[in-house]
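Summary of the model geometry
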Amino acid sequence: MSKCEQCIVREFSALKALNKEELLRMADCKSSYTVKKGETIFDEGDLLNGIYCIKTGVCKLSKLSDNGKDQIVKLVKKGELLGQRSLISDETTNLSAVAVEDMQVCFIPKQEILKFFNENNQFSLNMMRSVCGDLKDADDGMVNLAQKTVKQRLAETLLKLENDFGVLPDGSLKLQLSREEIAGMIGTATESCIRLLSEFNKEGWITLQGKKISITNKKELQRMV
């Protein structure tokens, strides 16, 4: 069993407020497992009995629209927590979480998290700040959809994918998303996303090689945003 005090999730999340005794308690009650690419961690409308810590990998948080398309709200990476908003509000999940690459996650039961809330004020404050950050991101996303063109949103998303997840040795984006997933992030049809990527490629702003995307003119994409 991995030690919670040495885990990357603790370094970057609300869990950094926990003391050694609390971390030992958490290590005793947590469960660790692998989630394969494409597998669901939880569905929209599920009632969660705890929170998930992401040790490795990336998942997408998305909401199914009335027309049956997935609108991707956020990509969640290692060092982050999943499910804290549902736990705090005691409501069913508003979004689905699906792995976009293989993941290692730990699940901490709700009763243990609630004990930390009652005993550790700094933990409670950190958790609230995390939820507030998610709400701010949601506000920014709503404004982007309303005020920016699809072309601007695509440029911004490509830059964010490079900034947040890095590139491979060949210069292509490290996190390889499908065209459908990119379309879900920028709020457009898959066909429109493919057409825009082709246009960016012709302009020399990016290069396409199969599923791989490389940014070749970052300044132009930044100017467009």
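Note that the structure is predicted; figures quoted are calculated from it, not measured.

**A closer look at the side chain of Glu112**
- Tracing the backbone shows Glu112 in helix α4 (residues 110-119).
- Since its relative accessible area comes to 7%, Glu112 is described here as buried.
- Beyond its immediate sequence surroundings of up to four residues, Glu112 is in contact with Arg25 and Cys29.

**Things to note about the packing of helix α6 (residues 150-165) against helix α7 (residues 179-186)**
- Packing of α6 against α7 brings their axes to within 9 Å, and their N-to-C directions diverge by 115 degrees. Overall, the two elements α6 and α7 adopt an arrangement that is roughly perpendicular. Viewed along their axes, α6 and α7 form a crossing whose handedness is right-handed. On α7, the residues that touch Val150, Arg153, Leu154 and Thr157 of α6 are Ile182, Met185 and Ile186.

**Considerations on the UniProt feature "domain: HTH crp-type" (unreviewed entry) in the protein chain**
- Mapped onto this numbering, the UniProt entry annotates "domain: HTH crp-type" (unreviewed entry) at residues 148-219.
- Segment residues 148-219 splits into 56% helix and 11% strand. End C-alpha atoms: 18 Å apart.

**Things to note about the sheet that holds strand β2 (residues 40-42)**
- Overall, antiparallel pairing links the four strands, which are arranged β2-β7-β4-β5 in an open sheet. The sheet is open, and its two borders are formed by β2 and β5 (70-77), each paired with just one other strand. If you compare each strand with its neighbour and ignore which way they point, the axes differ by 30 degrees on average.
- The pairing of β2 with strand β7 (residues 96-99) spans two bridges and is antiparallel. Of the residues in β7, the one forming a bridge with Phe42 is Ala97.
- Sitting on the sheet, α7 is in contact with β4 (58-64) and β5, with an inclination near 100 degrees to β5.

**As for the layout of surface pockets**
- Put simply, the largest pocket is a space of about 1500 Å³.
- Along its surface, the largest pocket is lined by 48 residues, and Val73, Lys74, Asp134, Asp137 and Ala138 are the ones closest to its centre.
- Counting only elements with at least two residues in the lining of the largest pocket, the list comes to β4, β5, β6 (81-82), α3 (84-89), α5 (121-147), α6 and α7.
- For the lining of the largest pocket, the per-class residue count stands at 19 nonpolar, 13 polar and 16 charged.
- Of the residues that make up the lining of the largest pocket, three or more belong to each of domain 1 (8-145) and domain 2 (148-224).
- Volume-wise, the second largest pocket comes out at about 330 Å³.

Rules behind the numbers
- Residues numbered from 1 in each chain as written.
- Predicted model: local features only at pLDDT ≥ 70, side-chain atom pairs only at ≥ 80, totals over all residues.
- Heavy atoms only, no water.
- Helix = DSSP H or I, 4+ residues; strand = E, 2+ residues; numbered from the N terminus.
- Buried < 20%, exposed > 50% of the residue type's maximum accessible area, 1.4 Å probe, protein only.
- Contact = heavy atoms within 4.5 Å.
- Axes fitted to C-alpha atoms, helices over the stretch in contact; angles between N-to-C directions.
- Parallel < 35°, antiparallel > 145°, perpendicular 65-115°, else oblique.
- Left-handed = near helix turned anticlockwise from the far one by under 90°.
- UniProt positions renumbered as here; feature names shortened; annotations may be inferred.
- Pairing = 2+ DSSP bridges.
- 1 Å grid on protein atoms, 1.4 Å probe; cavity = no way out; pocket = protein on both sides within 12 Å on 5 of 7 lines; lining within 4 Å.
- Points joined across faces, edges and corners; volume = space filled by probe spheres on them.
- Nonpolar A, V, L, I, M, F, W, Y, C, P; charged D, E, K, R; others polar.
- Domains from an automatic or database assignment.

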